[in-house]
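Summary of the model geometry
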Amino acid sequence: MAICRSGLFHLLVTLVLSNTIATSNANVEGDALFALRRAVKDPQGVLQSWDPTLVDPCTWFHVTCDADNRVTRLDLGNGKLSGNLVPELGKLERLQYLELYMNNLAGQIPKELGQLKSLVSLDLYHNNLTGPIPPSLSRLSNLKFLRLNGNKLTGKIPRELTKLGNLKILDVSNNDLCGTIPTAGSFSKFSEESFMNNPRLEGPELMGFVRYDVGDCK
């Protein structure tokens, strides 16, 4: 009888701890997403359902979760959102798809997005993003789609991104990037179309005519 009670006690403790951890994760992810809501203007009410008083964000529109109620997808493309991306997005540990294309987002791409180890697709194209491409994105080992085209990004294309072995689609065209185009690793399979309309970009670095550290590139 004592053994049965002991087993039941341990089961209850396990259930309580599991529920506590799940609630804690949900709160962290909900807080991260609500930080984004606070940082943007939303004239069409796309984020109207994002209520921070709910237990977790899995009931919010444009948010997809897995069986553990962890956020795996954020679909906010073409939502007429303006404002800045927030570093808190880096806390969405199981996020696979970050779709924020065709908005009016400005400011820099947070380096914290490099913490999204599960990310498969990062679509930030056709916004007003400025500053450099964060080298931290090279940590996204599962990334297959990286589309940053149609912004106002500056600086060099980080060489570290050539380590993204699963990358299938890259588009950094129509920005203001400078320096030379890395051609090692995964970048060897991308055509000029991935880099076009960057007036200060001087060509593939392995052509032998230009160095990676060309002049004053910012």
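Every value quoted in this text rests on a predicted model; they were computed, and no experiment measured them.

1. Concerning the overall build of the chain
- Within the chain, the secondary structure is distributed over one helix and 13 strands.
- In the chain, buried positions account for 43% of the 218 residues.
- Taking the contacts inside the chain whose residues are at least 6 apart along the sequence as the reference set, 49% of them involve residues at least 24 apart.
- For the chain, the computed accessible surface area is about 11,400 Å², with 54% contributed by carbon and sulfur atoms.

2. Thoughts on the sheet that holds strand β7 (residues 121–123)
- In spatial order, the strands read β2-β3-β5-β7-β9-β11; together these six strands make up an open sheet with mixed pairing. Each end of this open sheet is capped by a strand with a single partner; those strands are β2 (63–65) and β11 (169–171). The sheet shows a mean angle of 15° between the axes of neighbouring strands, direction not considered.
- Sheet topology places β2 next to strand β3 (residues 71–75); three bridges connect them, and they run antiparallel. Looking at the pairing, T64 lines up with R73 of β3.

3. What to know about the layout of surface pockets
- There is about 220 Å³ of room inside the largest pocket.
- Around the largest pocket sit 16 residues that line it, and I181, S191, E192, F195 and P204 are the ones nearest its centre.
- With four residues, strand β13 (residues 200–204) is the largest single contributor of residues to the lining of the largest pocket.
- Looking at the lining of the largest pocket, its residues break down into eight nonpolar, six polar and two charged.

4. Digging into the state of the cysteines
- Tallied over the entire structure, the rule returns two disulfides.
- Two residues, C178 and C217, share a disulfide whose sulfurs are 1.8 Å apart. Around the S-S axis, the bridge from C178 to C217 shows a dihedral of about 95° and counts as right-handed. Residue C178 is found in strand β12 (residues 176–181), and its partner C217 is found in the segment after β13; the two are separated by 39 residues along the sequence. Exposure class is identical for C178 and C217. Each is buried.
- For the chain, the bonded cysteines pair up as 1-2, 3-4 when numbered in the order they occur along the sequence.

5. Some thoughts on the confidence of the model for the chain
- Averaged over all residues, the pLDDT of the chain equals 88, while 83% of them reach at least 70.
- Contacts of residues 11–23 to residues separated by more than four positions or lying in other chains number zero contacts, the stretch itself having pLDDT below 50.

6. Focus on the packing of aromatic side chains
- The tally for this structure, following the rule as stated, stands at four aromatic pairs.
- Members of the aromatic cluster, each reached through a chain of ring pairs, are F187, F190 and F195.
- In this structure, R73 packs its charged tip against the face of Y97, placed 4.4 Å from the ring centre.

7. Looking at the sheet that holds strand β10 (residues 152–156)
- Pairing is mixed in the open sheet, where seven strands are placed in the order β1-β4-β6-β8-β10-β12-β13. Each edge of the sheet is formed by a strand with only one pairing partner; in this case those strands are β1 (40–41) and β13.
- The pairing of strand β8 (residues 128–131) with β10 spans two bridges and is parallel. Looking at the pairing, G131 lines up with L153 of β10.

8. Some thoughts on the environment of S49
- Within the secondary structure, S49 sits in the loop between β1 and β2.
- Its relative accessible area of 21% is what places S49 among the partly exposed residues.
- Separated by 12 residues in sequence, S49 and F61 have C-alpha atoms that sit 6.2 Å apart.
- Look past the residues within four positions of S49 in its chain and what remains in contact with it is W60 and F61.
- A polar side-chain atom of S49 sits 2.9 Å from the main-chain amide nitrogen of F61.

About the criteria used
Residues numbered from 1 in each chain as written. Predicted model: local features only at pLDDT ≥ 70, side-chain atom pairs only at ≥ 80, totals over all residues. Heavy atoms only, no water. Helix = DSSP H or I, 4+ residues; strand = E, 2+ residues; numbered from the N terminus. Buried < 20%, exposed > 50% of the residue type's maximum accessible area, 1.4 Å probe, protein only. Contact = heavy atoms within 4.5 Å. Areas by Shrake-Rupley, 256 points an atom, 1.4 Å probe, with all protein chains shown as cover. Pairing = 2+ DSSP bridges. Axes fitted to C-alpha atoms, helices over the stretch in contact; angles between N-to-C directions. 1 Å grid on protein atoms, 1.4 Å probe; cavity = no way out; pocket = protein on both sides within 12 Å on 5 of 7 lines; lining within 4 Å. Points joined across faces, edges and corners; volume = space filled by probe spheres on them. Nonpolar A, V, L, I, M, F, W, Y, C, P; charged D, E, K, R; others polar. Disulfide = S-S within 2.5 Å. pLDDT = per-residue confidence, 0-100. Phe/Tyr/Trp six-rings, centres within 6.5 Å; stacked < 30°, edge-to-face > 60°. Lys NZ or Arg CZ within 6 Å of the ring centre and 35° of its normal. Polar contact = N/O pair within 3.5 Å; in protein donor to acceptor, adjacent residues only side chain to side chain.

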